[in-house]
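# Observations on the model geometry
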Amino acid sequence: MAARYTGPGKGIALDTFDGIHTVKVSAEDTGGAYELFEVDAPRGPAVPMLRTPWAKAFYLLAGTMTVHVEGEHHELEPGATITIPDGAAHAFEVTTPTARFLAFTLTDAAGRLFADIVASIPPGRSMQDLAPLLERVAHRHGVTFAADDPP
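Residues numbered from 1 in each chain as written. Predicted model: local features only at pLDDT ≥ 70, side-chain atom pairs only at ≥ 80, totals over all residues. Heavy atoms only, no water.

## Quick word on the overall build of the protein
Along the protein, the regular secondary structure elements total two helices and 10 strands. Ordered by position in the sequence, the α and β elements of the protein form the string β-β-β-β-β-β-β-β-β-α-α-β. Taking 2.2 N^0.38 as the reference for a compact globule, 151 residues should give roughly 15 Å; the C-alpha atoms of the protein span a radius of gyration of 15 Å, in line with that estimate. On the principal axes, the C-alpha backbone points of the protein span a range of 45 × 30 × 30 Å. When each of the 151 residues of the protein is scored for burial, the buried share is 43%. Contacts in the protein between residues far apart in sequence, at least 24 positions, make up 62% of those at least 6 positions apart. Each charge class in the protein can be summarised by its mean position, and for the 11 positive and 19 negative side chains these summaries are 7 Å apart. (Helix = DSSP H or I, 4+ residues; strand = E, 2+ residues; numbered from the N terminus. Rg over C-alpha atoms; globule rule 2.2 N^0.38 Å. Buried < 20%, exposed > 50% of the residue type's maximum accessible area, 1.4 Å probe, protein only. Contact = heavy atoms within 4.5 Å. Lys, Arg positive; Asp, Glu negative; His and termini not counted. Charge placed at Lys NZ, Arg CZ, Asp CG, Glu CD.)

Pasting the structure below:
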């Protein structure tokens, strides 16, 4: 590992349909320990409740959002943080026109998922059309949707 600087407005921007995830620190930079993304997300729900095999934390920079974790709802305003354990059912919903937040994720798994979404799913389609494609990509990375949970 070596020191790495990423300037304001710089980094690889990955459009994951629920927001633009700009890579500020890649897993390559940290020996696979963690990643850091700056996320710009539009108003509304992102993806449905899901479970990832990696832990994460969100730090809200601008806007407001609700983060749902295992049946609890947390209202975030700028300066607020939330941690989400691996395997926890969660989703976020932006409640202002846009929100900007930092997403810290353990390992290199989120970055691989985001890159696969960009490479595998064509832009410019409705979320309804994209849902089956997104589900296939997510499952390749160990991500499941809470709707898939056994009753």
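## Focus: helix α1 (residues 109-120)
Each α-helix turn comprises 3.6 residues. Residues three or four places apart therefore point the same way. Taking 1.5 Å of rise per residue, 12 residues should cover 16 Å, and α1 covers 16 Å from first to last C-alpha, within 8% of that figure. Every buried residue of α1 is accounted for by A109, A110, G111, L113, F114, D116 and I117. (Expected span 1.5 Å × (residues − 1).)

## Things to note about a nonpolar patch on the surface
A cluster of nonpolar residues, Y59, L61 and F104, forms a patch on the protein surface that exposes about 230 Å² of accessible area. Relative to the helices and strands, F104 is located in strand β9 (residues 90-106). Residue F104 is classed as partly exposed on the basis of its relative accessible area of 36%. (Patch = residues over 30% accessible without salt bridge, like charges linked within 9 Å, V, L, I, M, F, W, Y side chains within 5 Å. Areas by Shrake-Rupley, 256 points an atom, 1.4 Å probe, with all protein chains shown as cover. Salt bridge = Lys/Arg side-chain N within 4 Å of Asp/Glu carboxyl O.)

## A short note on the nonpolar core
Within soluble globular proteins, side chains that are nonpolar generally end up buried alongside one another. F37, F58, M65, V67, F92, F101 and L113 are the most contacted members of the largest nonpolar core, which has 35 residues in total. Elements that contribute at least two residues to this core include exactly β3 (34-45), β5 (56-62), β6 (65-69), β8 (81-84), β9, α1 and α2 (127-140). Beyond its immediate chain neighbours, meaning those up to four positions away, F37 contacts H21, T22, V23, K24, F101, L102, A103, T105, A110, G111 and F114. (Core = buried A, V, L, I, M, F, W, Y, C linked by side-chain atoms within 4.5 Å.)

## A word on the packing of aromatic side chains
Think of a pair of aromatic rings as described by two things: how far the centres are apart, and how the planes are tilted against each other in angle. One pass over the full model with this rule turns up four aromatic pairs. Seen in terms of ring centroids, F58 and F92 are 6.0 Å apart; in terms of plane orientation they differ by 85°. Their pairing is edge-to-face. Of the two residues, F58 is situated in strand β5 and F92 in strand β9; the sequence distance between them amounts to 34 residues. You can call F58 buried: its relative accessible area is 7%. By the ring-pair criterion, three or more aromatic residues cluster together here, those being F58, F92 and F101. (Phe/Tyr/Trp six-rings, centres within 6.5 Å; stacked < 30°, edge-to-face > 60°.)

## Structural notes on the pattern of salt bridges
Scanning the model with the defined rule gives five salt bridges in all. The salt bridge partner of R4 is D29, with a shortest N-O separation of 3.3 Å. Taken together, the residues span a long stretch of sequence, with R4 in the segment before β1 (12-15) and D29 in the loop between β2 (20-25) and β3 at a distance of 25 residues. The buried category is assigned to D29, whose relative accessible area is 15%.

## Re unusual backbone geometry
Positive phi, normally seen in glycine, also occurs at E70, with a value near 50°. Topologically, E70 is positioned in the loop between β6 and β7 (72-76). Notably, T107 is not glycine yet its phi reads approximately 70°, a positive angle. For T107, a relative accessible area of 34% puts it in the partly exposed group.

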